[in-house]
Amino acid sequence: SSLAVTSAGLERLAALAVAAPSGDGNRLTGMATELQQLAAKIINGKEHMTELHKEVFDRMREDMKTVNTTIASDHREDQAEVDRALQAILDCAPNQTKFDSAAKYASEAESAHEECRLQELKFASLVKGACGGTDMFEEMDPPCIKGPPADAWPEELRGYLDALREQIQKARKWNATISLQNAECENAEQQYFEKIAECNVSQAHFEMGSCAYRQTVADGCAAFEACRAKHIAEQSEIQEAVGVSEAGRKAGYKAVRQIICLVEVFEVSPEEQPARYDACTHLSLDTSHLDINYHKAPPGDCDTTPVDQYPCLGDWIGAHYKSKDWYERSQIADCVPCAIVKG
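Since this is a predicted model, take the numbers as computed values, not measurements. (Residues numbered from 1 in each chain as written. Predicted model: local features only at pLDDT ≥ 70, side-chain atom pairs only at ≥ 80, totals over all residues. Heavy atoms only, no water.)

Chemist: Which residues make up the environment of alanine 241, and what values go with them?
Modeler: Among the secondary structure elements, alanine 241 is positioned in helix H6 (residues 154-265). Of the residues examined, alanine 241 reaches a relative accessible area of 44% and is grouped as partly exposed. Taking the C-alpha atoms as reference, alanine 241 lies 9.5 Å from aspartate 78; in sequence the two are 163 residues apart. (Helix = DSSP H or I, 4+ residues; strand = E, 2+ residues; numbered from the N terminus. Buried < 20%, exposed > 50% of the residue type's maximum accessible area, 1.4 Å probe, protein only.)

Chemist: Mind laying out the state of the cysteines, listing which residues take part and the relevant values?
Modeler: Among covalent bonds in proteins, the disulfide is the one between the sulfur atoms of two cysteines. A full pass over the atoms with the stated rule returns seven disulfides. The disulfide partner of cysteine 116 is cysteine 199, and the gap between their sulfur atoms is 2.1 Å. Measuring the twist about the S-S bond at about -100 degrees, one finds the cysteine 116-cysteine 199 disulfide to be left-handed. Here cysteine 199 lies in helix H6 and cysteine 116 lies in helix H4 (residues 96-131), a separation of 83 residues in the sequence. The pair formed by cysteine 116 and cysteine 199 is uniform in burial state, with each residue classed as buried. At a sulfur-sulfur separation of 1.7 Å, the disulfide partner of cysteine 131 is cysteine 185. Taking the sign of the S-S torsion, about 110 degrees here, the bridge from cysteine 131 to cysteine 185 comes out right-handed. Here cysteine 185 lies in helix H6 and cysteine 131 lies in helix H4, a separation of 54 residues in the sequence. Residue cysteine 185 is classed as buried on the basis of its relative accessible area, which comes to 12%. (Disulfide = S-S within 2.5 Å.)

This is a description of form; function is not addressed.
See below:
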């Protein structure tokens, strides 16, 4: 009857050793305590060592080696999970390529607009040249010719008619010239006004491109911050859970080592068993190899300073329009402000 009870206890210890998860330090510690009590009874002669004891102890030792291997494997898996949580945070990065692309578009649009305004000034000069000259008209202005007196003689009438014919020829020449001048003026003005319209469209593209750049940065930085917040929260949860597993795993590792040590007590002579048993109950074990390397969330920053100034803020107008040589002489349109930035 006593042997049956002992056999049942040993079988239960062996079964628990196989079934105990690596992180379940409490169960393994309980097993170690129960085995320590059983070993003390055998050494003190309160219970006899049998072949069944030896068989069960041998099986427990092999099972504990398996559990010990599992502990090491679980440690590696937990460390990998902690490292993945860090990498997830590091993967939250602003899309600098997208930012650079938007900045490039805005810069190229600004260059195109500035070139257009310079061309506009050239067209303005052409208008001035085609429409502003009056010296020629003053030279060609025909004098006023008085009509002949009522009692003029035929000779006097012929002189009057000759003078009149001369002025008519001058007037015809003047009329042809002024017609050509008017046509050149109208053509220059048309080209000038068309260039102004073209430049205003270019200006709109530049302003819209600058606003798009600002929106791209705002959206990108908002997504970056949201990503970081999500994965930092996940990292905190993971590291908290792993911390619990780490503590249990270390307790389990100590229990496994003690169980193996107690089982091996009965592999030495009876005279050596008390000293070996005492050593097993005072094991000093280093568990630093089971330490988890935890990580602090790295700092992260998304630089929005390149778009702190945007259409149509005063400093932006000053930097992109008023500081340019063409500004005062151009027919620049009113600036169109950006829509409300979301992000």
